[in-house]
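Single-letter residue listing:
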Amino acid sequence: MYQYKLDFINNDLISELENMGLDIIEDSFEGSTTFDIYTYDNLDNLLKKYGITFLKKSVENSGWEHYWKKFLKPSVLVEGISCYYDENDKISTAKSIKLIPALAFGTGTHPTTKLAARLTKDVTPGKSFLDVGCGSGILTILAVLCGASGWYAFDNDKMAVFNAKNNMEINNIFSNYLWCGDISSLRTGFYADIVCANIISSVLLKINTKLLECAKSCIILSGIQTEEMEAFKSMFDFSGFFIENEIHENGWGALRLCR
């Protein structure tokens, strides 16, 4: 097995890696951000195609998926709500979310997750919530803690759904509305008050129409790089929605659209 360590990654490469079924592990726990990819495939030519420099080494296929967990630290996801992984490291906040570290996206440390959380917190009470590409389930758990009246969550990665289910259960959240599938798995006529999608911008554009169809009052979009925000807004079809809030953090941006 190879470990590829990158200092930079772009949306096109992310899309290709996702199509190959490969996970990207972002390590931002030691003062700088790097991206790790573990694979049996040789990615040299793919990375060179995008002009991305990398370090490559062979690693033993034994416990590599657990190595990065030790770097995870508790953090404040949004004001009043923290995330933690070990009871001994729990931060004192009004509410908290316990997570089981896994390769599913959403540890609570990435700016896109924090941005989505900020835009979710104050509009969710009393509303139904749909988490598109739920990853670890962190945003669904947040929505429930903030008073969502009901929730739905899905991801096209079986391991992500498995991790989300475990995370929901340890946070005492139980429901049948978690499933493995893509946006096409939503039945015709399905609606939720709040639809949240924390995914890369290219995918947000692809599922644009479906997001509009299933959102009653708000759509939360995160995963958009700040440098591409204006281009994204020019390509996204708002159709009856307007940008009610736009926020940025560490080179990433998020939008909350309302009717």
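Refer to the preceding data block for the structure.
Residues numbered from 1 in each chain as written. Predicted model: local features only at pLDDT ≥ 70, side-chain atom pairs only at ≥ 80, totals over all residues. Heavy atoms only, no water.

A look at the overall build of the protein
Then step 1. Looking only at helices and strands, the protein features 9 helices and 14 strands.
Then step 2. Excluding contacts between residues fewer than 6 apart, the proportion of contacts in the protein whose partners are at least 24 apart in sequence is 62%.
Then step 3. As displayed, the protein offers around 12,500 Å² of accessible surface, 49% of which is attributable to carbon and sulfur atoms. (Helix = DSSP H or I, 4+ residues; strand = E, 2+ residues; numbered from the N terminus. Contact = heavy atoms within 4.5 Å. Areas by Shrake-Rupley, 256 points an atom, 1.4 Å probe, with all protein chains shown as cover.)

Considerations on the pairing of strand E5 (residues 75-78)
Then step 1. Where E5 and strand E6 (residues 81-84) come together, 3 bridges link them in antiparallel fashion. Looking at E6, one finds that valine 78 is bridged to isoleucine 81. (Pairing = 2+ DSSP bridges.)

Observations regarding the nonpolar core
Then step 1. Formed by 40 residues in total, the largest nonpolar core has its most connected members in Leu6, Leu130, Val132 and Leu221.
Then step 2. The dominant element in this core, judged by the number of residues it contributes, is strand E12 (residues 215-225), at 4 residues.
Then step 3. Setting aside anything within four residues of it in sequence, one finds leucine 221 in contact with Ala197, Leu204, Leu211, Phe232, Phe236, Gly253, Ala254, Leu255 and Leu257.
Then step 4. Leu77, Ile141, Cys196 and Cys218 belong to the second largest nonpolar core, which has 37 residues in total. (Core = buried A, V, L, I, M, F, W, Y, C linked by side-chain atoms within 4.5 Å. Buried < 20%, exposed > 50% of the residue type's maximum accessible area, 1.4 Å probe, protein only.)

Describing helix H5 (residues 138-145)
Then step 1. Judged by how many residues are buried, H5 sits mostly within the fold: 6 of 8 residues are covered.
Then step 2. Among the residues of H5, Ile138, Leu139, Thr140, Ile141, Leu142 and Ala143 are the ones counted as buried.
Then step 3. Immediately downstream of H5, the backbone of glycine 147 shows phi near 100°, a positive value.

A short note on the pattern of salt bridges
Then step 1. The final tally for this structure, using the stated rule, is 10 salt bridges.
Then step 2. Between glutamate 249 and arginine 118 there is a salt bridge whose closest N-O contact spans 3.8 Å. Taken together, the positions of glutamate 249 in strand E13 (residues 242-249) and arginine 118 in helix H4 (residues 111-121) put the pair 131 residues apart, joining distant regions of the chain.
Then step 3. On the basis of relative accessibility, which here comes to 23%, the residue glutamate 249 falls in the partly exposed class.
Then step 4. For the salt bridge of lysine 210 with glutamate 213, the shortest nitrogen-to-oxygen distance reads 3.8 Å. In this pair, lysine 210 and glutamate 213 are both assigned in helix H8 (residues 208-214), 3 residues apart and thus about one turn of the helix distant.
Then step 5. Residues joined by salt bridges that share partners form a network here, namely Asp122, Glu244 and Arg256. (Salt bridge = Lys/Arg side-chain N within 4 Å of Asp/Glu carboxyl O.)

With respect to unusual backbone geometry
Then step 1. A positive phi angle, close to 60°, is found at asparagine 172, a residue other than glycine.
Then step 2. Its place among the elements puts asparagine 172 in the loop between helix H6 (158-170) and strand E10 (178-180).
Then step 3. For asparagine 172, a relative accessible area of 64% puts it in the exposed group.
Then step 4. Phi is positive for serine 239, close to 35°, though the residue is something other than glycine.
Then step 5. With respect to the helices and strands, serine 239 occurs in the loop between helix H9 (229-235) and E13.

Here's the deal with the sheet that holds strand E9 (residues 150-155)
Then step 1. If you walk across this open sheet you meet the 7 strands as E10-E9-E8-E11-E12-E14-E13, and the pairing is mixed. Two strands bound the open sheet, and with one partner strand each, they are E10 and E13. Neighbour-to-neighbour, the strand axes of the sheet open up by a mean angle of 15°, direction not taken into account.
Then step 2. Examined bridge by bridge, strand E11 (residues 192-198) and E12 share 6 bridges and lie parallel to one another. Counted as the bridge partner of valine 195 is isoleucine 219 from E12.
Then step 3. This element, H5, spans strand E8 (128-132), E9 and E11 of the sheet and lies at about 170° to E8. (Axes fitted to C-alpha atoms, helices over the stretch in contact; angles between N-to-C directions.)

Looking at the sheet that holds strand E7 (residues 95-98)
Then step 1. The strand order E5-E6-E7 describes an open sheet built from 3 strands, whose pairing is mixed. In the strand order of this sheet, the two ends are held by E5 and E7, each with one partner. The average undirected angle you get between the axes of adjacent strands in this sheet is 35°.
Then step 2. Of the strand pairs in this sheet, E6 and E7 are connected by 4 bridges, and their pairing is parallel. The partner of tyrosine 84 across the bridge, within E7, is lysine 98.

What about the pairing of E12?
Then step 1. Taking burial as the measure, the 11 residues of E12 include 9 buried ones, the bulk of the element.
Then step 2. Note: E12 against strand E14 (residues 252-258), 7 bridges, orientation antiparallel. Bridged to leucine 221 within E14 is leucine 255.

What is shown is where atoms sit, not what they do.
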